[in-house]
Amino acid sequence: MTSGGVELRPRSPSSQKDSIQDEPPTMEPSMPHDHEIRDDSSSSRRRRRRPSCSGCGGCCCPCCVPLWQYGGIPEARGYALLAMGRGVAVMSNVVVNAALLELASAAAGCPVGDELRAIEEECTCDYECTGTVYGQNPLSLISNIAVVTGLLSAFFMPIIGVLLDFTSYRRFVGVLFSAVFTAIQAIQIAIGEDTWFPMAILQSIAGFCFAGMIMTSLAYLPEICEKAGQEKHTIYTARFTAKQFLVQASFLVLIGGLSFVFGIADDSVTTARMSQAINFALISVLFGVGWHVYTPSRPASRDLPEGTHGLGIVAYGLRQNVRTAKSIFREFKKGLRWFLFAEIFAQSTVGALTTISVVYLSSEVGLTATDISMFFLVTLVGTLPGAAISKPISTRTNPNVSWQLSMICLFIVMVIGAFTLPNTPNKYLSFIWGFFVGAVLGWFYPTENLFFSCVLPKGQEAEISGFRVICSMILSWLPPLMFSILVSNGVAAKWGMSIMASFTFPLGSVVSCACSRILFWQASFILIAASMLKFGAHESWEEILLESGRGDDPAEQQNCAEQPGA
């Protein structure tokens, strides 16, 4: 999920050496190139004697300390702290979105909370509010926030990536984005009936800053890999993900527990205020220490032609992106080209899932902000078995087939939710659906990463990895935009079914409620991605590996989970 997810972005849109998704918990595959393992710690540090302790209970225990040492590489510890901060922020902003939706509905004259539940209990049909606020249906508020964030990211992230690669402002950009984002979280503690619309505007800016934070911090991953070596880097990556998962789950448990203790479980606005206050305190420490103490400034990672400066730097970097796109389209027709096409549609679906599901769970299922936080906790737990099954499925088939299967399963799970959740006798049964969504995402992300690492051409890792970031953002704004259009037009049959028919089969004609139609339409995007791989990347897995230059090395074949005769 998004954004809720652990987000997996390489170094920047124009240059990377690795690819790690900062979205749901994943187990990163080994990258194709090897590096010398180097220990940057000084000789005096290596001779330093650790305090003795017994068992694993002490903070100084030899079995616990290495989880935070990262081989003496400060950038790795900084990256871990920044990832933990982003994990807290993602979960807190899910709660804020639920509160914004309730406040917008109340401003439009729609019943909310206990009043809405009373109406639904008395009426045998589904209640739909026709009120508007600021000329829009309140249900489209959250999706419009995502549209603005997606458009800003799609337009500016390639430019920001150029600055990260061709200038020495990498750390400055990261600190700036983090500072603005943290300030917005502090301001949003004042969310309420009179302030919800300015807070919604700030939410769009915060989403853009969050994307910038991800891109900037991920620019340090290649250097971490070079210093630690590939084997240790893979271990560190798993630790990054585990810590982000642990912080996200702990934060949701904390918010849920406190909301019940203070009796505000049914008060979405008060819960959001409390969540943002705790969020602000935590990310101030995590971002502050992560950037100031452990993440140093770095010189430009790529050289510019002599005499290039100012806007010429941006123009040169963007031209490099265009050349990369042309090269991929002409030279890698069997695997990489189709992976990136599929990435465009798949990431637009998965990225919008958090946005659409908050609206869907709140308006159609009746979950409060506290309920939604618990829903996402269940989803996070579901990613664990999903990640566990990804490797054996990829081994028995191949990453191409496994990724297609994960997309089809995600489509099925989303459609089942569209059909069944509005009519469930108990709203908490939706948590079962959340678990299966998490399980499929836990399968989806590591398989996506494995597939990419296998089709990544040798010698072009930096260039292609950066271009993948751009592809993942191209259509990030489209699903929420279509959601807003459909809701604003009452989801008439000519809108809903014509769009659904353009992307999938006529099953959509039997989906009745508005949000169910939109959830089904959104799910169809993932089906398009799977179809592209099925009918585009139809060559054998051996041919795809040979195209990327990895088919002649037995070690590479094993890393890519190739099964003989697959």
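Residues numbered from 1 in each chain as written. Predicted model: local features only at pLDDT ≥ 70, side-chain atom pairs only at ≥ 80, totals over all residues. Heavy atoms only, no water.

*Asks:* Mind showing me how you'd approach the packing of helix α15 (residues 430–455) against helix α20 (residues 541–548) here?
*Replies:* Two quantities define a packed helix pair, namely the angle between the helix axes and the distance between the axes. Where α15 contacts α20, the axes come no closer than 8 Å and their chain directions differ by 55 degrees. On the basis of their axis angle, the class for α15 and α20 is oblique. Where α15 abuts α20, its residues F451, C454 and V455 lie against W541, I544, L545 and S548. Classifying every residue of the contact of α15 with α20 by side-chain character gives 6 nonpolar, 1 polar and no charged. (Axes fitted to C-alpha atoms, helices over the stretch in contact; angles between N-to-C directions. Helix = DSSP H or I, 4+ residues; strand = E, 2+ residues; numbered from the N terminus. Parallel < 35°, antiparallel > 145°, perpendicular 65-115°, else oblique. Contact = heavy atoms within 4.5 Å. Nonpolar A, V, L, I, M, F, W, Y, C, P; charged D, E, K, R; others polar.)

*Asks:* Could you clarify how one ought to interpret the nonpolar core in this entry?
*Replies:* Where a protein is soluble and globular, its nonpolar side chains tend to be buried together. Core analysis: the biggest nonpolar cluster contains 134 residues, and L100, F181 and W403 have the highest contact counts within it. With 20 residues, helix α3 (residues 74–107) is the largest single contributor of residues to this core. Those residues in contact with F181, other than ones at most four positions away along the chain, are A89, N93, A206, C209, F210, M213, I283 and F287. (Core = buried A, V, L, I, M, F, W, Y, C linked by side-chain atoms within 4.5 Å. Buried < 20%, exposed > 50% of the residue type's maximum accessible area, 1.4 Å probe, protein only.)

*Asks:* Is there a simple way to think about unusual backbone geometry in this case?
*Replies:* Peptide bonds are, in most cases, trans, and in most cases residues other than glycine have a negative phi. For Y134, which is not glycine, the phi torsion reads 55 degrees and is therefore positive. Looking at the element boundaries, Y134 is found in the loop between α4 (113–122) and α5 (141–166). By relative accessible area, which is 57% here, Y134 ends up exposed.

*Asks:* What is the right way to look at the packing of helix α12 (residues 336–365) against helix α13 (residues 369–396) in this model?
*Replies:* Packing of α12 against α13 brings their axes to within 11 Å, and their N-to-C directions diverge by 130 degrees. With respect to α13, the axis of α12 lies oblique. Two packed elements cross with a definite hand, and for α12 against α13 that hand is right-handed. Listed contacts from α13 to T354, S357, V358, L361 and S362 of α12 are I372, F375 and F376. The residue makeup of the contact of α12 with α13, split by class, is 5 nonpolar, 3 polar and no charged. (Left-handed = near helix turned anticlockwise from the far one by under 90°.)

*Asks:* Can you walk me through the side chain of S362 in this structure?
*Replies:* Mapped onto the elements, S362 comes out in helix α12. Apart from residues no more than four positions distant in its own chain, S362 is found in contact with L101, L367 and I372.

*Asks:* When you look at the pattern of salt bridges in this model, what are you seeing that I'm missing?
*Replies:* Pairing is possible between side chains that carry opposite charge, provided their charged atoms lie close to one another. Summed over the entire model, instances satisfying the criterion amount to 4 salt bridges. A salt bridge links K227 to E75; its shortest N-O distance comes to 2.8 Å. Highlighted residues: K227 in helix α8 (residues 221–228) and E75 in helix α3, separated in sequence by 152 residues. With a closest N to O distance of 3.6 Å, E448 and R468 form a salt bridge. Placement of E448 in helix α15 and of R468 in helix α16 (residues 461–473) is noted, with a sequence separation of 20 residues between them. Given the relative accessible area of 0%, E448 is considered buried. Note on R468: relative accessible area 2%, which makes it buried. Salt bridges linked by common partners bring E343, E448 and R468 together as one network. (Salt bridge = Lys/Arg side-chain N within 4 Å of Asp/Glu carboxyl O.)

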